[in-house]
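Secondary and tertiary structure notes
As a plain string of letters, each chain reads:
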Amino acid sequence: MAIAEKVACAPQIGDYHIIADILLQRCLNYKTMRCPPMTKRTLELGARHSPDMICTPFKTTLGNFIEAAEQGANVFVMPGVGCRLGFYDILQKQILDDLGYDCEMITLFEYIPTVKRLYASLSSINPDLTQEEFDSVFEIVVKVTVDMDNLADFMRRNIAFEVNKGDFEQCYQAYLQEVKSAQDVTEAESIGEKYKEKMESIITNKPGKPVKIGIIGEIYVVVEPFSNCNMEKWLAEHGVEIIRSGSLTQMAVAIFTVDEQVQNSGGYVDYNIGSTANDAIAQAYQMIQDGIDGIIHVKPASCSPEITAMTILQNISQDSNVPFMYMTFDTETSEAGVHTRLEAFHDMIVMKRRSENE
Amino acid sequence: MNKAYLGIDIGSISTKGVVIDENNNVLASSYLWTSGNPIAAVKNVLNEISQKLDKKYTVVNAGTTGSARKLIGVALNARVVKNEITAHAVGTLAVVPDVKTILEIGGQDSKIILINNGVVIDYAMNTLCAAGTGSFLSSQAKRLDLELEDFAELALTSENPAKIAARCTVFAESDLVHKAQIGHSKADIVAGLCRAIVLNYLNNVGKGKNIKAPVVFQGGVSKNAAVIKEFEKELKLPVYVDPNGHLMGALGVAVLCKAEKEETTFDFSITDTDFVTKGVECTNCPNNCEIICVYKNEVLLDAWGNKCEKGTRIA
């Protein structure tokens, strides 16, 4: 019997497929593919085959895998670390098996978020992968992640004010396109620098004190526009400077800096309250110190770390007089309700500003 | 010429219209069921208003709010199309200038708006879950074979409201059936439901919010005296319900219209115009965007709903 060719695929998480491409293509002896772009069908497939009460990212990523499997993918990649996310791989593998897809699941970390663990996981699949080879790929991965997150941060703060619509997005996409074939970290770095300059030279007409709205919360829903009904796009179209906490870089840092987060939370947290909740609180506190007008907290339905954070965020909101809006996303795809709430939140901030200036 | 401003609030259950003069005085108003046909409802509201309105007034701007605000905004060529949260805040402030908290329970959603010195400082709206909204009460009234109008009266006669789980509509309903079967009186159950809706609202929408007097309660459910009583008991604050509470959203957009610099005279003969809407599903990708096309006298007026360029051809 012929053995099917192995084709590996990671789920869609914002623009991070670039990172998955670099890591998997260069470290595995498998072919790789991207899952088809997320659509309503992805969501429906994922939801149909998932436990109803599970967090939303489980459903969307399972939908990604099913659609990829239909197109020939048979090796799926999950981090296997974090909150319930740490168990997604096991259950998703079971569901895919039950659906009759003959597939393999690669768990990158298995509860231990270290580089050593990542190498162990990858080299157990590809025994030819030497430590040196892995190190050089990992160096590129880190560089590209940090660069793309920095570029996207800059973009979010300025995109609402670009003079030629589309300049920022075009520049950012061009960076992603070019950097994915960088051969070593030096090349990745110089591509990053080139695009940093390019992006900084885009003409904007940013006012002196634009409305600033912060976005915090569960990373998947923050990062994946399909899952948050394109919130950032709406805000940018309405002239808002967006300050987002939530990126792969930040999450990686957050894993190792829990003590600092507790310290930087203005006394609202006394000890580690688990997973990403510490970070959400520390970030919100910091945004308020830096003069934010309002903060939107997003989470998938039933996300326990963020539900823990919410109760404390409510205290921070009351003490600081900075309004917070809490949004829960599940498998709904109608943007109307989200836009209604965003518009009201934005109106409120604009009116508040106006009255303060009078 | 005396200037007047028209605001229309097209909600899921009812459609409200109001015309105000330059001092926010209500000149004419109308309140009708939407009955699943927002365009027909708006035409009826406009007919009623144009009959009531003194002919010396000219409507110089029109605005829409509520869940069908976009559709009706396009059809009427409205100058202001505003979300219902902002509209309610502006409308209520016009009537109760010192209001600090607005509680709102409508047919499909509920919200809380906190105001300080006439400025909205915080708000919340239910997401995902419709427990604790008007449609919950009306479906339970049906189950108990009661007219919604008699609901409050019966509830007020109860001295010992039954405890009904308030967290979720589905659980509340099973709880309600259970209480009925073990023998609680209808009055106690109905009173329990009114209490459940208040607790649910305060636990979900009002969670963590600092509710201060003056408190104004509005939306369809504010017509229910038993719910008002439960709110007062729970908040330990007087709760004010304006007789025009149901018009606040419409009033709010009318006030916003007044602030607009440009004016377009509104022609009530628009009720004779034929509007047709059509929902088309785009089949160019598996997103299957729902595209809404609005035709005025058989000419395409506007279309929306597509998430990418692929859909534009369909309309």
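If you're wondering where the values come from, they're calculated on a predicted model, not measured in any experiment.

Comments concerning the domain arrangement of chain A
Many authors give the size of an interface as the accessible area that is lost as the parts come together. Residues and elements named next belong to chain A. The assigned domain composition of chain A is domain 1 (7–129), domain 2 (142–206) and domain 3 (208–358). Here domain 2 and domain 3 have C-alpha centroids that lie 24 Å from each other. Of the residues lining the interface, ten residues belong to domain 2; the matching set on domain 3 comes to 13 residues. Between domain 2 and domain 3, a total of about 1000 Å² is buried, with carbon and sulfur atoms accounting for 55% of that surface.

Description of the domain arrangement of chain B
Domain boundaries assigned for chain B yield domain 1 (2–93 + 249–272), domain 2 (98–239) and domain 3 (275–313). Placing a centre on the C-alpha atoms of domain 2 of chain B and another on those of domain 3 of chain B gives a separation of 38 Å.

Description of the state of the cysteines
Applying the stated criterion across every chain, the model contains zero disulfides over all chains. The closest cysteine sulfur to the non-disulfide-bonded A:Cys303 is located on A:Cys83, 5.9 Å from its own sulfur.

Thoughts on the confidence of the model for chain B
A residue-level look at chain B finds 96% of positions with pLDDT of 70 or above and a mean pLDDT of 87. With pTM at 0.86, the complex prediction returns an ipTM value of 0.80.

Focus on the environment of B:Ile164
Residue and element names in this part refer to chain B. The residue Ile 164 is located in the loop between helix H5 (148–156) and helix H6 (169–181) in this model. Residues Ile 164 and Asp 122, spaced 42 residues apart in sequence, show a C-alpha to C-alpha distance of 30 Å. Residues within four places of Ile 164 in sequence aside, it is in contact with Ala 172, Asp 175, Lys 179, Ile 189, Gly 192, Leu 193 and Ala 196.

Describing the sheet that holds strand S6 (residues 240–244) of chain A
What links the strands of a sheet is backbone hydrogen bonding, and the strands pair in either a parallel or an antiparallel sense. Residue and element names in this part refer to chain A. Spatial ordering of the open sheet is given by S6-S5-S7-S8, a layout of four strands whose pairing is parallel. Pairing within the sheet leaves two strands with one partner each, and these edge strands are S6 and strand S8 (324–329). For this sheet, the mean inter-axis angle between neighbouring strands, taken without regard to orientation, is 25 degrees. With five bridges joining them, strand S5 (residues 211–217) and S6 adopt parallel strand pairing. Across the sheet, residue Lys 212 finds its bridge partner in S6, namely Glu 241.

Side note on the pattern of salt bridges
One pass over the structure, following the stated rule, counts 29 salt bridges over all chains. Salt bridges linked by common partners bring A:Asp153, A:Arg156, A:Glu232 and A:Arg244 together as one network.

Things to note about the side chain of A:Arg156
Residue and element names in this part refer to chain A. Considering the arrangement of structural elements, one finds Arg 156 in helix H6 (residues 131–158). Overall, Arg 156 belongs to the buried group, its relative accessible area being 8%. Within the structure, the side chain of Arg 156 is placed 2.9 Å from the side chain of Asp 153, a separation counted as a polar contact. Ignoring any residue separated from it by four or fewer positions in sequence, one finds Arg 156 in contact with Asp 149, Glu 232, Val 240, Glu 241, Ile 242 and Arg 244.

What about the sheet that holds strand S3 (residues 26–33) of chain B?
All names here are of chain B. The strand order across the open sheet formed by five strands is S3-S2-S1-S4-S5, and the pairing between neighbours is mixed. Because the sheet does not close on itself, it has two edges, and the strands there are S3 and strand S5 (80–81). Where strand S1 (residues 2–10) and strand S4 (residues 57–65) come together, eight bridges link them in parallel fashion. Bridged to Ile 8 within S4 is Thr 64.

Section: the nonpolar core
Counting residues in hydrophobic clusters, the biggest one holds 85 residues, and the most contacted among them are A:Leu122, A:Val144, A:Tyr175, A:Met231, A:Leu235, A:Ile296 and B:Tyr123. Among the elements that line this core, the one with the most residues is H6(A), at nine residues. Residue contacts for A:Leu122: discarding those within four places in its chain leaves A:Leu23, A:Cys27, A:Leu28, A:Leu108, A:Leu129 and A:Phe134.

Description of the side chain of B:Thr86
Note on placement: B:Thr86 falls in helix H3 (residues 84–95). For B:Thr86, a relative accessible area of 6% gives the class buried. Every residue in contact with B:Thr86, bar those within four places of it in the chain, is listed here: A:Ala344, A:Asp347 and A:Met351.

Some words on the pairing of S3(B)
Residue and element names in this part refer to chain B. With seven bridges joining them, strand S2 (residues 14–20) and S3 adopt antiparallel strand pairing. Counted as the bridge partner of Val 19 is Ala 28 from S3. Once S2 ends, the chain turns through five residues before running back antiparallel as S3, passing Asn 24 with a positive phi of about 65 degrees.

With respect to the packing of aromatic side chains
Each aromatic ring pair is summarised here by two numbers: the centre-to-centre distance and the angle between the ring planes. Scanning the model with the defined rule gives 13 aromatic pairs over all chains in all. Consider the rings of A:Phe134 and A:Phe138, whose centres lie 5.6 Å apart with planes at 20 degrees: the pair is stacked. In this pair, A:Phe134 and A:Phe138 are both assigned in helix H6, four residues apart and thus about one turn of the helix distant. Between the aromatic rings of B:Tyr201 and B:Phe231, the centroid separation amounts to 5.5 Å while the plane-to-plane angle is 90 degrees, which identifies the pairing as edge-to-face. With B:Tyr201 in helix H7 (residues 186–204) and B:Phe231 in helix H8 (residues 225–235), this residue pair connects regions lying 30 residues apart in the sequence. Across the pair, B:Phe231 and B:Tyr201 agree in class, each one buried. Three or more aromatic residues joined by ring pairs form one cluster here, namely A:Tyr119, A:Phe134 and A:Phe138.

Focus: the packing of H6(A) against helix H8 (residues 185–200) of chain A
All names here are of chain A. Axis separation between H6 and H8 bottoms out at 9 Å; the angle between their running directions is 5 degrees. As the angle between them shows, H6 and H8 are arranged roughly parallel. Facing H6, whose interface residues are Glu 139, Ile 140, Lys 143, Val 144, Asp 147, Leu 151, Phe 154 and Met 155, H8 presents Val 185, Ala 188, Glu 189, Gly 192, Tyr 195, Lys 196, Met 199 and Glu 200. Here the contact of H6 with H8 is composed, by residue class, of nine nonpolar, one polar and six charged.

Brief notes about unusual backbone geometry
Following B:Ala213, the chain continues to B:Pro214 via a peptide bond in cis, the omega torsion being -5 degrees. Here B:Pro214 shows up in the loop between H7 and strand S9 (215–218). Even without being a glycine, A:Asn230 presents a positive backbone phi close to 55 degrees. You can see A:Asn230 is positioned in the loop between helix H9 (219–223) and helix H10 (231–237). Its relative accessible area of 30% is what places A:Asn230 among the partly exposed residues. Of note, B:Ser35 is a non-glycine position whose phi angle comes to about 45 degrees, a positive value. By the element assignment, B:Ser35 lies in the loop between S3 and helix H1 (38–52).

Some details on the interface of chain A and chain B
Tallying the contact residues gives 28 residues for chain A and 26 residues for chain B. Here chain A and chain B share an interface that buries about 2300 Å² over both sides, 54% of which is from carbon and sulfur atoms. For the pair chain A and chain B, the number of links is one salt bridge. Close ionic contact of A:Asp347 with B:Lys82 constitutes a salt bridge, the shortest N to O distance being 3.1 Å. Run the count over chain A and chain B and you get seven residue pairs in polar contact (both at pLDDT 80 or more). Looking at the side of chain A that touches chain B, the elements that each hand over two or more residues are helix H2 (40–48), helix H14 (304–320), S8 and helix H15 (336–357) of chain A. When residues in the side of chain A that touches chain B are grouped by element, the largest group, eleven residues, is from H15(A). Looking at the side of chain A that touches chain B residue by residue, the classes come out as eleven nonpolar, eight polar and nine charged.

Cut-off values and rules
Along each chain, residues carry numbers from 1 onward, in the same order as the chain's sequence is written. Lettering of chains starts at A and numbering of ligands starts at 1, both following the order in which they are written. Two thresholds apply to this predicted model, a pLDDT of at least 70 for residue-level local features and 80 or more for giving and counting side-chain atom pairs, whereas whole-chain, interface and lining totals are computed over all residues. Excluded from the side-chain calculations are hydrogens and water; all other atoms, namely the structure's heavy atoms, are used. Those domain boundaries reflect an automatic or database domain assignment. Contacts are assigned to residue pairs that have any heavy atoms within 4.5 Å of one another. As used here, buried area is the combined drop in accessible area, with a 1.4 Å probe, of two parts when they are placed together. Count a disulfide wherever a pair of cysteine sulfur atoms falls within 2.5 Å. Per residue, pLDDT measures the predictor's confidence, with a range of 0 to 100. Every helix listed is a DSSP run of H or I at least four residues long, and every strand listed is a run of E at least two residues long, numbered separately from the N terminus. When DSSP finds two or more bridges between two strands, those strands count as paired. Throughout, an axis means a line fitted to C-alpha atoms (over the contacting stretch in the case of helices), and angles, computed between N-to-C directions, take values from 0 to 180 degrees. Criterion for a salt bridge: a side-chain nitrogen of Lys or Arg within 4 Å of a carboxyl oxygen of Asp or Glu. Exposure categories follow from relative accessible area, calculated using a 1.4 Å probe and restricted to protein chains: below 20% of the type maximum is buried, above 50% is exposed, and the middle band is partly exposed. Polar contacts, as used here, are pairs of N or O atoms within 3.5 Å; protein pairs need one atom able to donate a hydrogen and one able to accept it. Residues neighboring in sequence count only if both atoms are side-chain atoms. Throughout, nonpolar core names a set of buried Ala, Val, Leu, Ile, Met, Phe, Trp, Tyr and Cys residues whose side chains join them through atoms within 4.5 Å. Any two rings among Phe, Tyr and Trp, with Trp reduced to its six-membered ring, count as a pair given centres within 6.5 Å; such a pair is stacked if its planes are under 30 degrees apart, edge-to-face if over 60, and tilted if neither. An angle below 35 degrees is treated as roughly parallel, one above 145 as roughly antiparallel, one from 65 to 115 as roughly perpendicular, and anything else as oblique. Side-chain classes follow a simple rule in which Ala, Val, Leu, Ile, Met, Phe, Trp, Tyr, Cys and Pro form the nonpolar group, Asp, Glu, Lys and Arg form the charged group, and the remainder, Gly included, forms the polar group.

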